[in-house]
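Each chain, written out:
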Amino acid sequence: MSIFPRFTYEGDVMVHMSDAGRICRAADLMRFMQESATRQLEALGPNLDTLLSLGRAFILSRISIDFPTPVHTFETVRCTTWPCSSSRGAAFDRHFEIFCGDSDTRIAARAASQWAFLDYKNQRLLRVEDIDIPFARDETMTTSLPLRFRIPKDAPLIPVGEKTVRYSDIDTNRHLNNTHYCDLYCDHLPIEGKRIAALSIAFQKEAPLGETISVLRTEAPDENGIYYFRTVRQSDGTVNTEAMVRLTEL
């Protein structure tokens with residue numbers, strides 16, 4: 001039975017988070033999720049300074065998100081998050097649910113994610129039993145797109161652009177921050193008059209400062225509104241992300 005409550009982080013949708021239709025961008029809802037997870041560790045431990053002193057870090061491996069309801073400029077969102085007691089091996093499960101304002105029924109986003117716990121000094125993955133997280137909950141979130149997926153082998157992935165990682169893209173790890181990939185995909189989608197309804201990303205390799213990544217895309221012919229993406233590091237040809245994105249009409 002879950003004892004610890006969900007952790008809650010509140011914030012407002014600011015003008016710079018909104019698109020031309022005054023709808024909060026999917027990437028900025030992801031940023032609320034990232035912030036809430038970090039704030040929970042800061043409040044309950046282990047915080048970022050402790051992890052840094054140990055040479056350890058949580059790295060996002062996979063995330064699947066549904067965006068059921070658009071949230072607009074100046075609205076308040078409540079982002080709830082919790083680590084899951086279902087975590088096994090080297091996969092740390094963390095789930096999220098974002099509500100609009102004080103409503104418990106108007107859901108802006110829900111997400112399931114998996115994280116790796118990395119000992120970057122020794123370049124090895126740590127296991128669930130290597131860290132004590134007493135505030136895990138036995139509550140899980142389901143999403144419409146799978147957390148694990150494969151791009152069809154015969155999918156005609158076509159180059160649609162590239163991205164060089166600059167100062168404004170990186171986080172404290174000096175890599176392209178994971179939330180920026182959502183913006184990157186949107187930049188290469190026919191999104192006018194539409195919005196992202198669901199998104200699933202597999203993070204395979206980081207894109208450090210100065211790296212240029214190629215963006216490839218294909219539309220799934222038998223899955224209405226689904227697009228697949230693959231991004232590849234130009235320095236060594238390594239795939240660094242794959243994604244499924246489903247669009248819906250406004």
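Here we summarise the structure given alongside this text. Please read these numbers as outputs of a predicted model, since none were measured by experiment.

Conventions we followed
- Residues numbered from 1 in each chain as written.
- Predicted model: local features only at pLDDT ≥ 70, side-chain atom pairs only at ≥ 80, totals over all residues.
- Heavy atoms only, no water.
- Helix = DSSP H or I, 4+ residues; strand = E, 2+ residues; numbered from the N terminus.
- Rg over C-alpha atoms; globule rule 2.2 N^0.38 Å.
- Contact = heavy atoms within 4.5 Å.
- Areas by Shrake-Rupley, 256 points an atom, 1.4 Å probe, with all protein chains shown as cover.
- Lys, Arg positive; Asp, Glu negative; His and termini not counted.
- Charge placed at Lys NZ, Arg CZ, Asp CG, Glu CD.
- 1 Å grid on protein atoms, 1.4 Å probe; cavity = no way out; pocket = protein on both sides within 12 Å on 5 of 7 lines; lining within 4 Å.
- Points joined across faces, edges and corners; volume = space filled by probe spheres on them.
- Nonpolar A, V, L, I, M, F, W, Y, C, P; charged D, E, K, R; others polar.
- Buried < 20%, exposed > 50% of the residue type's maximum accessible area, 1.4 Å probe, protein only.
- Polar contact = N/O pair within 3.5 Å; in protein donor to acceptor, adjacent residues only side chain to side chain.
- Core = buried A, V, L, I, M, F, W, Y, C linked by side-chain atoms within 4.5 Å.
- Pairing = 2+ DSSP bridges.

Details of the overall build of the protein
Then, number 1: Secondary structure assignment for the protein yields three helices and 11 strands.
Then, number 2: The C-alpha atoms of the protein give 18 Å as radius of gyration, which agrees with the globular expectation for 250 residues (18 Å, within 12%).
Then, number 3: For the protein, the spread of C-alpha atoms along the three principal axes comes to 45 × 45 × 35 Å.
Then, number 4: Of all intrachain contacts in the protein linking residues separated by at least 6 positions in sequence, the fraction that spans at least 24 positions is 72%.
Then, number 5: Accessible area for the protein stands at about 12600 Å²; split by element, carbon and sulfur atoms hold 50% of it.
Then, number 6: The averaged location of the 34 negative side-chain charges in the protein is 3 Å from the averaged location of its 29 positive side-chain charges.

Considerations on empty space enclosed by the protein
Then, number 1: Enumeration over the complete set of coordinates arrives at one cavity of 30 Å³ or more.
Then, number 2: Approximately 80 Å³ is the volume attributed to the largest cavity.
Then, number 3: As for the largest cavity, its lining consists of Met30, Met33, Gln34, Leu60, Ile63, Phe96, Trp115, Asn178 and Thr179.
Then, number 4: Those elements giving two or more residues to the lining of the largest cavity turn out to be helix H1 (26-44) and strand E2 (56-66).
Then, number 5: Here the element with the most residues in the lining of the largest cavity is H1; it accounts for three residues.

Structural notes on the layout of surface pockets
Then, number 1: The volume enclosed by the second largest pocket comes to roughly 460 Å³.
Then, number 2: Taken together, 24 residues make up the lining of the second largest pocket; nearest its centre are Asp19, Arg25, Ile191, Lys194 and Arg195.
Then, number 3: Of the residues that constitute the lining of the second largest pocket, the class distribution is 14 nonpolar, three polar and seven charged.

Topic: the environment of threonine 241
Then, number 1: Structurally, the position occupied by threonine 241 is in strand E11 (residues 239-249).
Then, number 2: Looking at threonine 241, the relative accessible area reads 0%, which means it is buried.
Then, number 3: Considering only alpha carbons, one finds threonine 241 and glutamine 204, 37 residues apart in sequence, at a separation of 5.5 Å.
Then, number 4: Setting aside residues up to four positions removed in sequence, threonine 241 forms contacts with Tyr181, Tyr185, Ile201, Ala202, Phe203, Phe229, Arg230 and Thr231.
Then, number 5: Within the structure, the side chain of threonine 241 is placed 2.5 Å from the side chain of threonine 231, a separation counted as a polar contact.

Comments concerning unusual backbone geometry
Then, number 1: For the peptide bond that leads from glycine 45 to proline 46, omega is -5°, which places it in the cis range.
Then, number 2: Here proline 46 is to be found in the loop between H1 and helix H2 (48-54).
Then, number 3: Non-glycine residue arginine 22 carries a positive phi angle of around 65°.
Then, number 4: Phi at glutamine 123 takes a positive value of approximately 50°, unusual for a residue other than glycine.
Then, number 5: Here glutamine 123 lies in the loop between strand E5 (107-119) and strand E6 (124-126).

Some words on the nonpolar core
Then, number 1: Grouped together as the largest cluster of nonpolar side chains are 54 residues, with contacts concentrated most on Met33, Ile63, Ile65, Ile98, Ile196 and Leu199.
Then, number 2: Broken down by element, the residue count for this core peaks at eight residues, all from H1.
Then, number 3: Contact partners of isoleucine 63, with chain neighbours within four places excluded, come to Met30, Met33, Ala111, Ala112, Ser113, Leu147, Leu199, Ser200, Ile201 and Phe203.

Structural notes on the pairing of E2
Then, number 1: Among the 11 residues that make up E2, eight are buried, leaving the element largely enclosed by the rest of the structure.
Then, number 2: Here E2 runs beside E5; their pairing, made up of 10 bridges, is antiparallel. Along E5, the bridge assignment pairs arginine 62 with glutamine 114.

From the geometry alone we can't say anything about function, so treat these as descriptive.
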